[in-house]
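Descriptive analysis of the structure
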Amino acid sequence: MSGLPRWVRHRRVRIGLLLAPALSVVAVFFLAGVVQAVAQSLGYQPYLPGQRLSLDAYRALGTDPAVRASLVLTTRVAGVSTAASVVLGVGAALVIRGLGRSRRWVTAAFAANLAVPHLVGALAMLLLLAQSGLLSRLAAAVGLTSTPAGFPALTADRFGVAIIAEYVWKETPFLALIALAALGRGISDLQGAARVLGAGRGRRLWHVTLPLLAPPVGAGAVLVFAFAAGSYEVPYLLGRPYPATLPVVALQGATAADLTERPEAMAVAVLIAVLSGAVVALYLAVLPRAGGHRHERDEREQPRSAGGSR
Amino acid sequence: MSAVDAPARAGRRAAAALLLAGALLPIVPLVLWSVSAPWRHPALVPQQTTLRGLRLLVDPRTDILRGLAGSMGIGAAVAVLVCLIGLPAGYAVGRYRFRGRGVVQFLLLAPVIVPGLAVTLAPGDEEREQCGQPESRGAAGAA
């Protein structure tokens, strides 16, 4: 640090310099986009004559049955995907952690699909779940069905089964890796302490393991929800045109030839952002409670890192 | 670890096998289709295999290899830039306590949370004039 000029060593300047590049990127590429989306949702279209700023698009959202159905579908798809991914991901992490020498390659194989793009994942789900897909062929092979139509429609269905399946397939390893990373940090000591104090297997899981996992996995779950609620390629390929998820509705409106549909499409985009933001706010409201555990752990670890003062 | 009983270990192995099967299952039809000729419904495995699809990958007429190189280039450049821009900010937020730290954290995470769709749907006027048609940008995104 002594090689740096004195003004850089000033704390405030240093923080500013470290933050400047990232904040500029956010301002230019992100905030500008948000402002434009909000402006267009309010009817800001200088290239169309006779337009004025209004909340008409938002009023239209409230009465549009397509948007209402879409809101229900989007919340359901994102909520079910997130819940299933959390349960499976934490379960997978606990299972993998209990493995012996095979732990490393099982983790690698399990996490391999993190590298698969969602677009390819959606295609794979189509080939697996469609009425002419592999599962349908398996059902026919064991005599459960005789025609493709005899197999239940899992793609382009009303519930969104294939969309949920794709998200769960992709996001479970993501959350499992987060949980595994959290489990790696000194949890054995705490487990051992709890065991010495007489805590059984179930109580150790409930009072030691899960509280340690809650903050990082919770943050991951928020990301999963926001992604599932906000991306369009998977529901576009695996869902119905009606009711479609909010991102697909926004895309339909924004790409329509009729430019007057644009404000409503932008209002849908803003609605998606608000929905994601609400989930983040909910997480942050719950976090202080879960965060308490983290601070307790930090305090416990400090004396040890200070060089065995105990 | 010495107290691990055999049934528990077997159970964990079975659970791990199940997890792996679930993770790999959707890839199976994708791989099979990539090497199969038309594959009609009740057949469990392709009746006829062909390398036609794979050969198209390296066929100079399809330009797929060039596209792959382009994608890799973009990916590598993005990874490097993101580290150069993001790591200092992460260091500042993690290392220092300062006024406005919460706001900074929120701003840095907001692009992750708010879907890209919401901020990229609205092309500017100049772009619209270049494209000629208002829907061309969105249609390209959907393709």
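Calculation rules
- Residues numbered from 1 in each chain as written.
- Chains lettered and ligands numbered in written order.
- Predicted model: local features only at pLDDT ≥ 70, side-chain atom pairs only at ≥ 80, totals over all residues.
- Heavy atoms only, no water.
- Helix = DSSP H or I, 4+ residues; strand = E, 2+ residues; numbered from the N terminus.
- Contact = heavy atoms within 4.5 Å.
- Polar contact = N/O pair within 3.5 Å; in protein donor to acceptor, adjacent residues only side chain to side chain.
- pLDDT = per-residue confidence, 0-100.
- Buried area = accessible area lost by both parts, 1.4 Å probe.
- Salt bridge = Lys/Arg side-chain N within 4 Å of Asp/Glu carboxyl O.
- Axes fitted to C-alpha atoms, helices over the stretch in contact; angles between N-to-C directions.
- Left-handed = near helix turned anticlockwise from the far one by under 90°.
- Nonpolar A, V, L, I, M, F, W, Y, C, P; charged D, E, K, R; others polar.

Residue and element names in this part refer to chain B. Here S34 shows up in helix α2 (residues 27-34). Spatially, the C-alpha atoms of S34 and G102 are 49 Å apart, while their sequence positions differ by 68 residues. Discounting residues that sit within four places of it in the chain, S34 has contacts with T50, G53 and L54. Among the polar contacts listed, one links the side chain of S34 to the backbone oxygen of V31, at a separation of 2.6 Å.

Glancing now at the confidence of the model for chain B. Residue and element names in this part refer to chain B. The predicted model of chain B has a mean per-residue pLDDT of 80, with 81% of residues at 70 or higher. Mean pLDDT values over the elements of chain B span from 38, in helix α8 (residues 136-142), up to 95, in helix α4 (residues 64-95). Scored below 50 in pLDDT, residues 125-143 shows 22 contacts in the model against residues more than four places distant or in partner chains.

Taken residue by residue, the interface counts 55 residues in chain B and 66 residues in chain A. Between chain B and chain A, roughly 5400 Å² of surface is buried when both sides are summed, and carbon and sulfur atoms account for 77% of that area. When the area that chain B buries against chain A is broken down by residue, the three leading residues are H41, I113 and L117 of chain B, summing to 13%. At the surface where chain B touches chain A, the tally comes to 0 salt bridges.

Residue and element names in this part refer to chain A. Running from amino to carboxyl end, helix α4 (residues 65-97) crosses helix α10 (residues 201-230) at an angle of 145°, the nearest separation of the two axes being 9 Å. For the element pair α4 and α10, the recorded crossing hand is right-handed. In contact with T74, T75, A78, G79, T82, V86, V90 and L94 of α4, α10 contributes L205, T209, L210, L213, V217, A221, V224, F225, A228 and A229. Residues of the contact of α4 with α10, tallied by class, amount to 13 nonpolar, 5 polar and no charged.

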